[in-house]
Amino acid sequence: MFKKQLNTWWRDFKHIPKIDQSWLTTWLIIYIAFIMLDVLTPGFWGSALLKYAGIFLCVIYAYKKYHDDNKLIIALFLTLLADTILVWTDFYTIGVFVFCFAQFMHFLRITKMNKKTIGAFALIISLLTIYSAFCGYEIIYSLGTLYGLLLISNVVMASRRYRIEQKDFKARCGWYGFILFIACDTCVALRYMMLHGIIPAAEALPLIAFLVWIFYYPSQVLIANSSTHQESAKRRNIAKTKAIS
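In this text the structure is predicted, and so the values were computed from the model without any measurement. (Residues numbered from 1 in each chain as written. Predicted model: local features only at pLDDT ≥ 70, side-chain atom pairs only at ≥ 80, totals over all residues. Heavy atoms only, no water.)

Scanning the protein chain from terminus to terminus reveals 10 helices and 0 strands. Along the protein chain, helices (α) and strands (β) appear in the sequence α-α-α-α-α-α-α-α-α-α when read from the amino end. Relative to its full complement of 245 residues, the protein chain shows a buried share of 40%. Here the contacts in the protein chain between residues at least 6 apart in sequence split such that 68% fall between residues at least 24 apart. About 14000 Å² of surface is accessible on the protein chain, with carbon and sulfur atoms providing 70% of the total. (Helix = DSSP H or I, 4+ residues; strand = E, 2+ residues; numbered from the N terminus. Buried < 20%, exposed > 50% of the residue type's maximum accessible area, 1.4 Å probe, protein only. Contact = heavy atoms within 4.5 Å. Areas by Shrake-Rupley, 256 points an atom, 1.4 Å probe, with all protein chains shown as cover.)

This is the structure:
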């Protein structure tokens, strides 16, 4: 069973060159650079800037390559916005709130649900906020639970898409992207529990914090390549022109 899974991973890994080479090279340079900075100079501001730039490039890439996939572009933009709030401000509740909508947009595009569902989701968020306020719960915990449920749903839906469309490179990217995403958020949860003494393993904090971005950054690169749409016509024409020349 494990050998079969390794063969599957290797088969899928060999399709990585299908990602635009110039973009892939740029992403790899950023990835290697911030890993080296985190190892050699922990806490250096340049590392955070590189990480942020890498996520920003994912949005630009999706906009240029899959211009018609509005849900993917919006989801990636909301992810960038949530990162901006969480990294550069102390408004953590708002950051998690925006992340919930990012995951919901991914859910909409993977399942191809009706856009009217956005209104229903906004209503659920509003009711959840009111309920938390009346019951004395901190809204961030309720939002965190909702976010976790949405992320798990996206992993399940991405897995289903991958099983149905195994020859589709974009489906592969979505499946592996969300697996890395959930690995990242598992580290975020562990870090939170360590910081608050729920798990007595403070000595592991630096490693867990390091692993968050080891998983998160490639997850966004892969998800940016997981569109349910075809490439924009302009990009297809450019690719054909290059092939002819």
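So much for the structure itself; the text now carries on.
Within the secondary structure, Asp69 is located in the loop between helix H3 (45-65) and helix H4 (70-88). At 3.4 Å, the side chain of Asp69 and the backbone nitrogen of Thr228 are in polar contact. (Polar contact = N/O pair within 3.5 Å; in protein donor to acceptor, adjacent residues only side chain to side chain.)

If you check H4, its first and last C-alpha atoms are 26 Å apart, about what 19 residues at 1.5 Å a residue would give, namely 27 Å. Every buried residue of H4 is accounted for by Leu72, Ile73, Ala75, Leu76, Leu78, Thr79, Leu80, Ala82, Asp83 and Ile85. (Expected span 1.5 Å × (residues − 1).)

Burial of nonpolar side chains together is a common tendency in soluble globular proteins. Judged by nonpolar contacts, the single largest core of 60 residues is most densely connected at Trp27, Leu76, Phe178, Phe181, Trp213, Tyr216 and Tyr217. Elements with a minimum of two residues in this core: helix H2 (21-40), H3, H4, helix H5 (92-111), helix H7 (139-164), helix H8 (169-195) and helix H9 (205-224). In contact with Phe181, other than residues within four places in its own chain, are Phe99, Gln103, Tyr147, Leu151, Tyr216, Ser219, Gln220 and Ile223. (Core = buried A, V, L, I, M, F, W, Y, C linked by side-chain atoms within 4.5 Å.)

What follows is about the packing of H2 against H3. Closest axis-to-axis distance for the H2/H3 pair is 9 Å, and the angle between their directions is 160 degrees. Regarding the angle of H2 to H3, the classification is roughly antiparallel. For the pair H2 and H3, the sense of crossing is left-handed. Counted together, Trp23, Thr26, Trp27, Ile30, Ala33, Phe34, Leu37 and Asp38 of H2 and Gly46, Ser47, Leu50, Lys51, Gly54, Leu57, Cys58, Ile60, Tyr61 and Lys64 of H3 form the full contact between these two elements. (Axes fitted to C-alpha atoms, helices over the stretch in contact; angles between N-to-C directions. Parallel < 35°, antiparallel > 145°, perpendicular 65-115°, else oblique. Left-handed = near helix turned anticlockwise from the far one by under 90°.)

The next subject is the environment of Leu80. Take Leu80: it is sitting in helix H4. What makes Leu80 buried here is its relative accessible area of 6%. For Leu80 and Leu57, which are 23 residues apart along the polypeptide, the C-alpha to C-alpha distance reads 9.8 Å.

Let us now look at a nonpolar patch on the surface. On the surface, a cluster of nonpolar side chains totalling about 510 Å² of accessible area is made up of Leu28, Ile32, Met36, Val39 and Leu40. Residue position: Met36 is located in helix H2. (Patch = residues over 30% accessible without salt bridge, like charges linked within 9 Å, V, L, I, M, F, W, Y side chains within 5 Å. Salt bridge = Lys/Arg side-chain N within 4 Å of Asp/Glu carboxyl O.)

Bringing the packing of aromatic side chains into the picture now. As enumerated under the stated definition, the model contains 16 aromatic pairs in all. Ring geometry for Phe44 and Trp45: centres 5.3 Å apart, planes at 50 degrees, overall tilted. By relative accessible area, Phe44 is classed as partly exposed at 36%. Of the residues examined, Trp45 reaches a relative accessible area of 59% and is grouped as exposed. Ring centres 5.7 Å apart and planes at 65 degrees place the aromatic pair Phe181 and Tyr216 in the edge-to-face group. In this pair, Phe181 is assigned in helix H8 and Tyr216 in helix H9, connecting sequence segments 35 residues apart. Assigned by exposure class, Phe181 and Tyr216 land together as buried. (Phe/Tyr/Trp six-rings, centres within 6.5 Å; stacked < 30°, edge-to-face > 60°.)

Read these as layout, nothing more, since geometry by itself doesn't imply function.
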